[in-house]
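Take a look at the letters that make up each chain.
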Amino acid sequence: MASEAVRRLAEEPVDHRFKGLPPDAEAAGLTVGALAAERRNLHTGGFTTPVLTLDAEALEHNLTALGTYAARHGLAFAPHGKTCMAPQLFERQLEHGAWGITVAMPHQARVCRAFGIRRIFLANELVDAPALHWVAAELAADPAFRFTAYVDSVRGVELMDAALAGRGAVVDVVLELGAGEEGRTGIRTDAECLAVADAVAAAPTLRLVGVAGYEATMPGADADTVRAWLHRLTALAAELDKRGHFAGTGLDEVIVSAGGSEWFDAVAEVFTELPELSLPVLPLLRSGAYVSHDHGWYEGLTPFNRHPDEGGLLPAFRLWTQVVSRPTPGQAFVNAGKRDIAYDLGLPRVLAVRGARDGVERPAAGIRVTKLSDQHAWLETDADATELEVGDWVALGMAHPCTIFEKWQLIPVVEADGTVGDLIRTFF
């Protein structure tokens, strides 16, 4: 059931903040909820191009796929909220069995709290004093709120402890194990892990609750190196437990967490081999890109490609653009560019053309995006390409959900017949 805060999103007015929405809806003073209730057709209901959409069936399919996968493998699941930053989708993820929501930054945690999220896993170091003051206040105000953050240095522990002193709260932390010598953040050596763990034990404002990391930052990661790192992570949990770091702290369970959208199969495999600890273990998966999937990047990397019997994901995004210029037989321009399109992991793919004359959608054969300007995509067309003329709508598929979501504040959710049945609000 949607929280009151999420329900209030439907009360926002349809206005100029939101790209692609019908101007007549704004003129009529409609709210977002009222527009969704009208169930307009995306192509004939006044929506303007460019407009980013989510496919309703693909969205539900993906939510079910990862929820089912995690349950099947005995994994708790805290999907990474920084992917979509959409409280409506957070709630749907929780409804599909998620334990909580992962974030990367304090402002993302604040969005989660504003929409009632009770378990937040901050997969990053947190040494910002004002943010720690906010965390302490939230913990003090709500005994049911659970917050966990990374630590990877003695200095970081010192900064956290100083910021939290006298705030009346104890913050849970996990040691972040670096993914290789050339990885991103995280502790590199076993000796450093023990030193940081000892520093946490000596800090009255902190409590060590487990270990975590992110395997995909490992340069040249492959199945063998990822599994080796995961075994090191589980061994670290066992060593800390053996040394008594989890005893006498009031813990009910030890968190062992990893797993983005590329290697959750390896996480599932290695976490089943976790040695028995003195407390139950919460094996926590944190994949985020699955919710929308994509065309190009995660399409090629998802573990479901290696294990099709386990399920699969569907790309849910379509960016509908319109041909505004056809200056030569081999060239066309549509009205979306870098301001609208994710392009950090490759140029978009042309998926379909919807004829302006007949309203018929057909596959886009022989049409490619070759370049992006700020507000235009450059299309190259073969001699035998799908017919394309000024006014036609062109659907683009893009890679990297994180940089797709962040460019759009309100995203229509479109059913198979073109009906817009919902609108997803993002907070970036």
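What you see is a predicted model, and the numbers here were worked out from it, not measured in a lab. (Residues numbered from 1 in each chain as written. Predicted model: local features only at pLDDT ≥ 70, side-chain atom pairs only at ≥ 80, totals over all residues. Heavy atoms only, no water.)

## Examining the side chain of glutamate 215
For glutamate 215, the location among the structural elements is in the loop between strand E7 (206–212) and helix H10 (223–242). As a buried residue without a salt bridge, glutamate 215 has its nearest oppositely charged side chain in arginine 286, at a separation of 5.9 Å. At a separation of 2.9 Å, a polar atom in the side chain of glutamate 215 contacts the main-chain amide nitrogen of glycine 259. If sequence neighbours within four positions are ignored, glutamate 215 has contacts with Ala179, Ala221, Val226, Trp229, Ala258, Gly259, Gly260, Trp263 and Val267. (Helix = DSSP H or I, 4+ residues; strand = E, 2+ residues; numbered from the N terminus. Buried < 20%, exposed > 50% of the residue type's maximum accessible area, 1.4 Å probe, protein only. Lys, Arg positive; Asp, Glu negative; His and termini not counted. Salt bridge = Lys/Arg side-chain N within 4 Å of Asp/Glu carboxyl O. Polar contact = N/O pair within 3.5 Å; in protein donor to acceptor, adjacent residues only side chain to side chain. Contact = heavy atoms within 4.5 Å.)

## A short note on the packing of helix H9 (residues 190–202) against H10
Where H9 contacts H10, the axes come no closer than 11 Å and their chain directions differ by 45 degrees. The angle between the axes of H9 and H10 places the two elements in the oblique class. Judged by the sense of rotation from one axis to the other, the crossing of H9 with H10 is right-handed. Between H9 and H10, the contacting residues are Asp190, Cys193, Leu194 and Ala197 on the first element and Arg232, Leu236, Glu239 and Leu240 on the second. Considering only residue class, the contact of H9 with H10 consists of five nonpolar, no polar and three charged. (Axes fitted to C-alpha atoms, helices over the stretch in contact; angles between N-to-C directions. Parallel < 35°, antiparallel > 145°, perpendicular 65-115°, else oblique. Left-handed = near helix turned anticlockwise from the far one by under 90°. Nonpolar A, V, L, I, M, F, W, Y, C, P; charged D, E, K, R; others polar.)

## Regarding the sheet that holds strand E9 (residues 281–285)
Overall, parallel pairing links the eight strands, which are arranged E2-E9-E8-E7-E6-E5-E4-E3 in an open sheet. Pairing within the sheet leaves two strands with one partner each, and these edge strands are strand E2 (76–77) and strand E3 (101–103). Relative to E9, E2 is paired through two bridges, and the arrangement is parallel. Residue pairing for E9: alanine 76 is matched across the bridge by leucine 284. Here H10 sits on the sheet in contact with strand E6 (171–176), E7 and strand E8 (254–258), set at roughly 165 degrees to E8. (Pairing = 2+ DSSP bridges.)

## Regarding the packing of aromatic side chains
For the structure shown, the criterion picks out 10 aromatic pairs. Consider the rings of phenylalanine 317 and phenylalanine 405, whose centres lie 4.8 Å apart with planes at 70 degrees: the pair is edge-to-face. Pair noted here: phenylalanine 317 is in strand E10 (residues 317–328) and phenylalanine 405 is in helix H13 (residues 401–405), with a separation of 88 residues, a long-range link. Overall, phenylalanine 405 belongs to the buried group, its relative accessible area being 0%. Their ring planes at 50 degrees and their centres at 6.1 Å tell us that tryptophan 320 and tryptophan 393 sit as a pair that is tilted. Of this pair, tryptophan 320 sits in strand E10 while tryptophan 393 sits in strand E16 (residues 393–397), and the two are 73 residues apart along the sequence. (Phe/Tyr/Trp six-rings, centres within 6.5 Å; stacked < 30°, edge-to-face > 60°.)

## Remarks on the pattern of salt bridges
When charged atoms on two side chains of opposite charge get close, those side chains can pair. On inspection of all chains with the given rule, the structure shows 27 salt bridges. Of the charged contacts, one joins glutamate 415 and arginine 39 as a salt bridge, the two residues approaching to 2.7 Å between their closest N and O atoms. With a gap of 376 residues between them, glutamate 415 in the loop between strand E17 (410–414) and strand E18 (420–425) and arginine 39 in the loop between helix H3 (32–38) and strand E1 (51–55) connect regions that are remote in the sequence. Note on glutamate 415: relative accessible area 28%, which makes it partly exposed. Judged by its relative accessible area of 42%, arginine 39 is partly exposed. With a shortest N-O distance of 2.9 Å, aspartate 265 and arginine 306 are connected by a salt bridge. Pair noted here: aspartate 265 is in helix H11 (residues 264–271) and arginine 306 is in the loop between helix H12 (298–301) and E10, with a separation of 41 residues, a long-range link.

## A word on the side chain of aspartate 15
Following the sequence through the fold, aspartate 15 ends up in the loop between helix H1 (4–8) and helix H2 (23–27). There is a polar contact of 2.9 Å between the side chain of aspartate 15 and the side chain of arginine 17.

## Some words on the UniProt feature "domain: D-serine dehydratase-like" (unreviewed entry) in the protein chain
Per the UniProt annotation, the sites labelled "domain: D-serine dehydratase-like" (unreviewed entry) are residues 316–415. As a span, residues 316–415 carries 5% helix and 46% strand, and end to end its C-alpha atoms are 11 Å apart. (UniProt positions renumbered as here; feature names shortened; annotations may be inferred.)

## Here we look at the nonpolar core
Grouped together as the largest cluster of nonpolar side chains are 127 residues, with contacts concentrated most on Phe147 and Leu175. Excluding residues within four positions of it along the chain, leucine 175 makes contact with Val151, Ile187, Cys193, Val196, Ala197, Leu208, Gly210, Val211, Ala212 and Leu240. (Core = buried A, V, L, I, M, F, W, Y, C linked by side-chain atoms within 4.5 Å.)

## Describing the pairing of strand E15 (residues 377–381)
Each regular strand carries side chains that alternate between the two faces of the sheet. Residues Ala377, Leu379 and Thr381 point to one face of E15 and are all buried, whereas Trp378 and Glu380, pointing to the other face, are not buried. Looking at chain direction, strand E14 (residues 367–372) and E15 are connected through five bridges and run antiparallel. Considered in E15, the bridge of valine 369 is made with leucine 379. Where E14 folds back onto E15 in an antiparallel hairpin, the turn is made up of four residues.

## Let's talk about the pairing of strand E12 (residues 349–354)
Most of E12 sits out of view: five of its six residues are buried. Where E12 meets E16, five bridges bridge the pair, whose relative direction is antiparallel. Pairing of arginine 349 across the sheet is with glycine 397, part of E16. Two strands pair when backbone bridges link them, and E12 and strand E13 (residues 361–363) are joined in this way by three bridges, in the antiparallel orientation. Its bridge partner lying in E13, alanine 352 is registered against proline 363.

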